[in-house]
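The chain contents come next:
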Amino acid sequence: MYRSLERMMATGSEYHLESIYQALGPNGRFTKFQLFIMWFGFVPTALQLLSNVFIGLEVPHQCAPPGNESEILDDFKNYENVTVEYKQCEIYIKSGDIVLKKEKCIYGMVYDEPVDSSFVSEFGLVCGATNLGRMTQSLVIGGQAFGAIVGAIVSDRLGRKTVMIASNLGLLVTGLIIAYAPNFAVFAAFKFVVGAFQQAMVGVNQTIMLELMVVKDRRIAAACAGLFWGSGVILLDVIAFALKGHTWRTVQIALSLGSVPLIIQWLFLKESLRWMLANGKTKQAADYIKCAAKMNGKSSVDILNALEIINNIGREKTETASDDNSSEDAAPVDDVVVKATKKLSYLDIFRVPRLLLNTLVMWIAWFTTAFGFFAIYLTTTTLAGDRYLNFFFTATMEIPSNIFFYFGLNRFGRKVVLICVFMTMSVGLIASGIFRSLEQTSVNSSFAIVFSMIAMAGASGCFSLVFAYTPELFPTNIRNQAVGINSLISRIGGMLAPFTGILSERAKWGPGVLIGCLASLVSMLLRFLPETNGRELPQTLDELQKWFKKEKDNEKNAMRGDAVTESNALL
């Protein structure tokens with residue numbers, strides 16, 4: 001088998017691995033076991049990314065009184081009926097209804113809950129320092145932007161599994177450092193580092209999952225990613241609820257320990273077969289195939305025969321392609337062998353109109369998705385009712401959305417399903433914002449929560465689908481870079497999300513309407529992109545150009561058909 005793989009690679013042709021995966025059995029026990037191992041990679045990323053929702057709760061507070069209240073009244077002895085009111089961020093000295101003086105909280109703060117129940121209260125991130133608390137979530141997302149780029153580059157060089165194990169270990173160590181942070185500066189700095197490890201791990205998990213699947217099953221990778229992530233978010237709520245009443249540091253330690261199962265990944269997770277063959281790791285690739293064949297109950301002889309057939313077809317197709325290269329209509333090489341392609345860089349998107357169109361639309365889509373996704377989660381604990389219950393219901397909405405697009409992705413196509421989930425997020429956010437701005441009756445509060453859940457169902461589907469759709473829109477040579485840059489753009493939206501609270505203080509409907517309108521805009525722009533359903537990942541720029549040409553020809557034919565129908569009707 002090892003020699004067979006070497007002979008395949010010695011032909012100098014690039015090839016797809018669909019036939020190898022089909023021979024191994026794409027839905028066998030091996031694939032299912034690998035997917036289960038990947039679940040241990042998604043859970044800790046969810047726990048660490050959204051930990052601020054519970055360890056950074058806003059604790060009700062007011063200005064603390066002085067040890068001796070008479071000292072604050074010394075300057076007002078000549079006034080009658082002088083009283084002191086200790087508000088949330090200011091001290092009011094009044095004579096009747098007349099405010100004589102307003103003072104900052106110069107004597108400190110008094111909290112309604114233990115000061116160590118949240119890092120916000122422990123580090124004094126209230127009143128004028130409120131935005132520092134919000135900034136910590138932006139630092140996490142800023143770290144994600146860094147991790148998206150570096151993780152993609154390193155995983156291409158060192159392998160998917162290496163980056164996944166290293167990132168999970170990094171999450172464990174930095175999460176514990178945050179739990180024992182002696183001051184806010186250390187806390188904030190390592191929040192950035194956590195974001196970098198988190199996104200590197202998410203990115204490589206998505207990639208290795210996609211590379212494990214055959215074309216028709218790529219939707220399984222997208223659906224599993226969403227379901228695995230959703231289960232991690234639900235687990236976050238369960239852990240936080242179980243540790244309710246404990247310090248925020250205890251909660252952070254518990255969330256960090258979610259990375260401990262990395263030992264299971266190290267022992268049982270296999271490197272991507274596509275990556276191994278692309279990087280000349282033929283011996284490791286042969287071991288991978290033998291292991292998969294054994295787990296799936298396949299004969300090594302059958303797999304070897306399949307490899308020989310692929311090798312022979314590759315030679316024949318390459319020779320045929322070279323003989324017929326003068327013909328513009330020559331039959332293209334099939335999914336086993338693909339001609340070597342010109343190297344592309346991400347700068348080529350500014351020179352090729354079709355790449356530029358794909359990129360700009362997906363930039364807006366990723367930005368809007370992250371903006372809405374994080375804004376919803378970061379505000380769930382401020383809705384009326386129990387914060388843990390609200391978060392739980394919101395998190396569970398990630399499950400049905402992923403089930404929906406799993407069944408709809410191949411049946412209706414990527415574009416239709418993506419437009420549906422963006423419109424769901426749009427309607428949910430706008431309606432939730434409107435109900436939050438109305439008088440806070442039990443009915444209005446209930447509707448605000450329901451529409452927030454609907455918005456999350458859409459946002460979760462958007463995140464899963466943009467991860468699945470984006471790699472299918474770019475040629476192989478720039479695919480990983482495209483996903484990395486789009487992920488970087490999304491982090492800008494995520495970094496802005498914590499500050500929607502400032503807009504909400506002026507207009508409660510503002511954040512929902514703003515993000516909802518952006519989601520509607522994305523739904524309209526998506527119609528300009530090609531449908532990728534049932535198509536192999538594009539190897540070359542020419543393949544991508546043909547997609548656009550084919551769709552344009554289909555539209556023209558459809559218009560001619562409508563015209564003929566109208567003519568016949570008139571006759």
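Residues numbered from 1 in each chain as written. Predicted model: local features only at pLDDT ≥ 70, side-chain atom pairs only at ≥ 80, totals over all residues. Heavy atoms only, no water.

K.L.:
Quick question: what am I supposed to make of the packing of aromatic side chains here?
P.N.:
Centre-to-centre distance and the angle between the planes together describe a pair of aromatic rings. Going through the model one piece at a time under the given rule, you end up with 26 aromatic pairs. Plain terms: the ring middles of F373 and Y377 are 5.1 Å apart, the flat faces sit at 75 degrees to each other, and that makes the pair edge-to-face. Pair noted here: F373 and Y377 are both in helix α16 (residues 353-379), with a separation of four residues, about one helical turn. In this structure, F373 and Y377 share a single accessibility class: buried. Above the face of the F528 ring, R527 is positioned so that its terminal group lies 5.1 Å from the ring centre. (Phe/Tyr/Trp six-rings, centres within 6.5 Å; stacked < 30°, edge-to-face > 60°. Helix = DSSP H or I, 4+ residues; strand = E, 2+ residues; numbered from the N terminus. Buried < 20%, exposed > 50% of the residue type's maximum accessible area, 1.4 Å probe, protein only. Lys NZ or Arg CZ within 6 Å of the ring centre and 35° of its normal.)

K.L.:
Could you clarify how one ought to interpret the nonpolar core in this entry?
P.N.:
In a soluble, globular protein the nonpolar side chains are often hidden away together inside. Among the nonpolar cores identified, the biggest contains 116 residues, and L50, F187, M209, L273, F374 and F422 are the most heavily contacted of them. Here F422 is in contact with A365, T368, T369, C462, V466, A519, V522, S523 and L526, once residues within four sequence places are set aside. Ranked by size, the runner-up nonpolar core spans eight residues in total, among them V84, Y86, I93 and C105. (Core = buried A, V, L, I, M, F, W, Y, C linked by side-chain atoms within 4.5 Å. Contact = heavy atoms within 4.5 Å.)

K.L.:
Could you clarify how one ought to interpret the packing of helix α7 (residues 130-158) against helix α8 (residues 160-179) in this entry?
P.N.:
Each packed pair of helices is defined by two parameters, the angle between the axes and the distance between the axes. Where α7 contacts α8, the two axes come as close as 7 Å, and the packing angle between them is 130 degrees. Looking at the two axes, α7 sits oblique to α8. Every residue of α8 that contacts α7 at G151, V154, S155, D156 and L158 is listed here: R160, T162 and V163. In terms of residue class, the contact of α7 with α8 is built from three nonpolar, three polar and two charged. (Axes fitted to C-alpha atoms, helices over the stretch in contact; angles between N-to-C directions. Parallel < 35°, antiparallel > 145°, perpendicular 65-115°, else oblique. Nonpolar A, V, L, I, M, F, W, Y, C, P; charged D, E, K, R; others polar.)

K.L.:
Explain the packing of α16 against helix α20 (residues 442-469) to me, please; I cannot follow it from the model alone.
P.N.:
Where α16 meets α20, the closest approach of the two axes is 9 Å, and the angle between their N-to-C directions is 145 degrees. In this structure, the crossing between α16 and α20 has a hand that is left-handed. Side by side, α16 and α20 meet where M362, A365, W366, T369, A370, F373, F374, I376 and Y377 of the first sit next to S452, A455, M456, A459, S460, C462, F463, V466, F467 and Y469 of the second. (Left-handed = near helix turned anticlockwise from the far one by under 90°.)

K.L.:
Explanation requested: the sheet that holds strand β4 (residues 98-104) in the structure shown.
P.N.:
Where strands meet in a sheet, backbone hydrogen bonds hold them as pairs that are either parallel or antiparallel. Spatial ordering of the open sheet is given by β2-β3-β4, a layout of three strands whose pairing is antiparallel. With one partner strand each, in any of the chains shown, β2 (82-86) and β4 form the two edges of the open sheet. With direction set aside, neighbouring strand axes in the sheet form an average angle of 20 degrees. One ladder, built from six bridges, connects strand β3 (residues 90-95) with β4; its direction is antiparallel. In the strand pairing of β4, E90 is matched with K104. (Pairing = 2+ DSSP bridges.)

Remember, this is a structural readout, not a statement about activity or role.
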